[in-house]
Amino acid sequence: MQDHIAELLRTALTQVAAGPFPSLEQPDRIGIERTRDASHGDFASNVAMASAKSARANPRQIAEAIVAALPNSPQVEKVEIAGPGFINFFLTSDAATAVVGQVLDAGEAYGRAAAPSGRKVMVEYVSANPNGPLHVGHGRGAALGDCVANLLEAAGHSVGREYYVNDAGRQMDILAASIWVRYLELHQVTVAFPTGGYQGEYVREIARNLEQSHGDRFVHSGAAIVNGIGHDAPAGDKDAFVDALIAKMKTLLGEGFAIVHAAGLDSQLADIRDDLEGFGIVYDRWFSEASLVQDGAVEHALDRLKASGHTAERDGALWLKSSEMGDEKDRVLVRANGAYTYFATDIAYHLNKLERGFDTLVNVWGADHHGYIARMRAAIEALTGSDEALVVRLSQFVSLFRAGEKVGMSTRAGEFVTLRELRGEVGVDAARFFYVMRSSDQPLDFDLALATSQSNDNPVYYIQYAHARICSVLQQATDAGIHFDAMTGRAALARLTEPHETAVMGLLATFPERVEQAAAQYSPNIVANALRDVAEQFHSYYNAHRFLLPDDPELTQARLTLVVAVRQVLANGLGLLGVSAPESM
């Protein structure tokens, strides 16, 4: 409908420019919005005000000329001018009810783009270090990233989903050292546990599996071998202590270090993969950070940066001159000892995605990565001449509340609620919906009691109940011997004149626009809010009117047709959020 109104306005603008206002310039985009007040019509346009400067005339005079030049449309009942020059369009009743047929004709495709956009988008999300189970904070990024990918597909884009496995960094070495200490304990070799190590029960489990597979292979000659670990580290320096332990471990175990390292990595990746699949998330690819070094991708990226003139050598290290591109300071790419920084491998990963043909790179990062955005934008600009390809959505922190008490979390201390535990407690549907029902740039207080309640205050229950209620209505019709006839119902849609019916149909009509907006803004909470609006209007409609009217079969079929369309929209929206649409509750 907005496209139709825009075409009417363009035709009128052409005549206006050829007549009373010859200097008027056609705008690239005609602003058209749905009105919030029905007394102002169904749609409003500010095109007259937007054209005032080029036309060198009063906006209301331009609006009057535009309205006079508008072609007749069977879908527009009347047009009015309001305020300084808004043009308000009132639709015919047939145009208002047409959305029901559109929903039924499109089915699962309603709300999705009619044609591919030709745009190729990579969405990388979660990508948590595989040094422990996923916790509830990771869950928000998982739900956000997956829903964003769903929305981008709905917008017609070709979407790739990827998990970047940080398998080459210091954190994985710390996990390996933590496993080794627990492994030594199983063989009565006591080593002070590193302050910066990982202490969760999962570390002990990996150590037990390692012992079962390799016996005492990594113990060597006992306590004497590990004597003195960390003694040369400065007192109280936990990083120095754990680094000393890692260095000792690498020296003592040789190739065995890789086995312990792999035991931790493989165990945690398998756990993460299983956890995410249980959360409804499946990736197209799990991309290894280590492969970037092995395949020469990092050197390739560094060569590109050098060729662009955006690097400098200082103090024996290679730097990206990121301060020239909006970052607060320059960043090290290669340390003086020749080691790549994490930033260098991350740049190589982003270049790899661009060279695979992706036009837009969407990264869903935790809130603690806020300071990382500017340097990555600088790197993308250095590689391509523009940072427009990079989109970053930050997932703010999640505070979990149980019985009114905030639950603390610490990954290294092993004190956290895992995503798996959350799924078990509230279910996948509630977890996913609660994670995305608010904008990701806002901290989230996750109330477990609310998420499990069967009340109107629980938004996911409220929406799912609307879907189940419609299924119940249709079953009641069948039980009463009323056969739902969509053809008869569609022919009788003009009977739907109640304010509740008009309001419901209006919301159905806005659904594609809200999906499009959610995709453009990478904000699934827009769809969550749209579903709450539809559910609220449906429940009000249900409470105010009877749907099964034995004395008026035509109106019965019209109302059943409308609620079937509502059910379809609810199912489509819930599907975009990865939430089920139950037939009974």
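Computed from a prediction, not measured in an experiment: that's the story for all the values here. (Residues numbered from 1 in each chain as written. Predicted model: local features only at pLDDT ≥ 70, side-chain atom pairs only at ≥ 80, totals over all residues. Heavy atoms only, no water.)

A.B. asks: Is there a simple way to think about the packing of aromatic side chains in this case?
C.D. replies: To describe a pair of aromatic rings, you give the distance between the ring centres and the angle between the ring planes. Applying the stated criterion across every chain, the model contains 20 aromatic pairs. Between the aromatic rings of Y342 and Y372, the centroid separation amounts to 6.4 Å while the plane-to-plane angle is 50 degrees, which identifies the pairing as tilted. A residue pair is termed long-range when its members are at least 10 positions apart, and Y342 in helix α13 (residues 342-355) and Y372 in the loop between β11 (360-366) and α14 (373-384) qualify at 30 residues. Residue class for Y372 comes out buried when judged on its relative accessible area of 11%. Summarising the aromatic geometry, the rings of F538 and F547 are spaced 6.3 Å apart at their centres and angled 35 degrees between planes, so their arrangement reads as tilted. The class of F538 is buried, set by a relative accessible area of 0%. Assessed through its relative accessible area of 6%, F547 is described here as buried. Site record: aromatic cluster; members linked through ring pairs are Y125, Y163, Y283 and W286. Positioned above the aromatic ring of W286 is the side chain of R273, whose terminal nitrogen or guanidinium carbon lies 4.4 Å from the ring centre. Positioned over the ring face of F279 is R432, at 5.6 Å from the centre of the ring. (Phe/Tyr/Trp six-rings, centres within 6.5 Å; stacked < 30°, edge-to-face > 60°. Helix = DSSP H or I, 4+ residues; strand = E, 2+ residues; numbered from the N terminus. Buried < 20%, exposed > 50% of the residue type's maximum accessible area, 1.4 Å probe, protein only. Lys NZ or Arg CZ within 6 Å of the ring centre and 35° of its normal.)

A.B. asks: I would appreciate a short explanation of the pairing of strand β9 (residues 317-320) in the present structure.
C.D. replies: When a strand is regular, its side chains alternate between the sheet's two faces. Here β9 shows a buried face lined by A317 and W319 and a second buried face lined by L318 and L320. Here strand β8 (residues 311-314) hands over to β9 after 2 residues, with D315 in that stretch at a positive phi of 55 degrees. With 3 bridges connecting them, β9 and strand β10 (residues 331-334) associate as antiparallel partners. In the sheet register, W319 faces β10, and the bridge partner there is V332. (Pairing = 2+ DSSP bridges.)

A.B. asks: Quick question: what am I supposed to make of the nonpolar core here?
C.D. replies: Of all hydrophobic cores here, the largest spans 123 residues; its most connected members are L276, L422, Y435 and F446. With 12 residues, the single largest contributor to this core is helix α22 (residues 553-576). Core analysis: the next-biggest nonpolar cluster, separate from the first, contains 36 residues, A301, L320, Y372 and I373 among them. (Core = buried A, V, L, I, M, F, W, Y, C linked by side-chain atoms within 4.5 Å.)

A.B. asks: Help me understand unusual backbone geometry in this model?
C.D. replies: Among all residues save glycine, negative phi is the norm, and among peptide bonds the norm is trans. A positive phi is found at R56, a non-glycine position, where the angle reads about 55 degrees. Structurally, R56 is set in the loop between α2 (47-55) and α3 (59-69). Taking the relative accessible area as the measure of exposure, R56 reaches 68% and is therefore exposed. You will see that D315, though not glycine, has its phi angle at about 55 degrees, which is positive. Note that D315 resides in the loop between β8 and β9.

A.B. asks: Help me out: how do you make sense of the pairing of strand β15 (residues 444-447) in this one?
C.D. replies: Taking every second residue as pointing to the same face, the buried face of β15 carries L444 and F446, while none of D445 and D447 on the other face is buried. Strand direction decides the pairing type here: strand β13 (residues 398-402) and β15, joined by 4 bridges, are parallel. Within the sheet, the bridge partner assigned to F401 lies in β15 and is D447.

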